[in-house]
Amino acid sequence: MALADMLPYQQYGAIVCCEDPGMIDLAAAFATRTQTYLAAFRRIQSLGYRRIGILLSRNDDVSATSQHTSACFQTVFGSSPIPELLQTNVTTYQDGYRVAGDYLSRNLQPEMIFTNGDDVAAGVAQRYQEAKQPVPPLMGQENQLSSRLLNIPTIDHHFERVGRLAFGLAESQQVQRIAVDSQLISRGWFE
């Protein structure tokens, strides 16, 4: 269902989305991502990395977040992500572990891996360690405990705050947009 398709249902109660609805008149609390993704990819590029594994939860055609990630990558690197290093349907530790196994079995050798979650990055690291291969530099998202324990950089989208704001909008029934800036957190190899 497209966001515009939700408009008629506002007559039954508040509808709040957690992405930027653009020109659609819906209440929203959401994390801004573009500037943080650009900063992350610029730093990755400045460190000399070019063969970058990109792990996403969904394809570009159904995910605004995946579209933002790909667009920011293209802005910085001047090309789309390398197709064989771009993996979707990756959301868990187990998925990261599986994708790392695929990279290893196909000898794809990404120079660094940008993941859509810290736990995904932890799964990647575990698979490389078990294969007794050097773990490529990793970047996660969400600033979870796993990124702190692994000492890897991450992007914090402040989802707890976004959730509180969205709940407040639903309670108040105000049609308002509240953007929360994401934060790039430098750790380990990224500093």
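Everything below is about the structure shown above.
The structure presented is a predicted model; accordingly, all values stated were derived computationally and were not measured. (Residues numbered from 1 in each chain as written. Predicted model: local features only at pLDDT ≥ 70, side-chain atom pairs only at ≥ 80, totals over all residues. Heavy atoms only, no water.)

(A) Geometry of the overall build of the chain. Scanning the chain from terminus to terminus reveals six helices and nine strands. For the chain, whose C-alpha radius of gyration is 18 Å, the value lies close to the compact-globule estimate of 16 Å for 191 residues. Dimensions of the chain, computed from the C-alpha atoms along their principal axes, are close to 60 × 30 × 30 Å. For the chain, the proportion of its 191 residues judged to be buried stands at 42%. Considering only residue pairs separated by 6 or more positions, the chain has 68% of its internal contacts joining residues 24 or more positions apart. For the chain, the accessible area works out to roughly 9,900 Å², and carbon and sulfur atoms hold 49% of it. Computed over 15 positive and 19 negative side-chain charges, the separation of the two mean positions in the chain equals 7 Å. (Helix = DSSP H or I, 4+ residues; strand = E, 2+ residues; numbered from the N terminus. Rg over C-alpha atoms; globule rule 2.2 N^0.38 Å. Buried < 20%, exposed > 50% of the residue type's maximum accessible area, 1.4 Å probe, protein only. Contact = heavy atoms within 4.5 Å. Areas by Shrake-Rupley, 256 points an atom, 1.4 Å probe, with all protein chains shown as cover. Lys, Arg positive; Asp, Glu negative; His and termini not counted. Charge placed at Lys NZ, Arg CZ, Asp CG, Glu CD.)

(B) Summary view of the packing of helix 1 (residues 34-46) against helix 2 (residues 64-77). In contact at an axis separation of 9 Å, helix 1 and helix 2 are set at 40 degrees when each is read in the N-to-C sense. Taken together, the axes of helix 1 and helix 2 are oblique relative to one another. Classified by chirality, the crossing of helix 2 by helix 1 is right-handed. The residues of helix 2 that touch helix 1, namely those facing Thr34, Tyr37, Leu38, Phe41, Arg42, Ile44 and Gln45, are Thr65, His68, Thr69, Cys72, Phe73, Thr75, Val76 and Phe77. Along the lines of polarity and charge, the residues of the contact of helix 1 with helix 2 split into eight nonpolar, six polar and one charged. (Axes fitted to C-alpha atoms, helices over the stretch in contact; angles between N-to-C directions. Parallel < 35°, antiparallel > 145°, perpendicular 65-115°, else oblique. Left-handed = near helix turned anticlockwise from the far one by under 90°. Nonpolar A, V, L, I, M, F, W, Y, C, P; charged D, E, K, R; others polar.)

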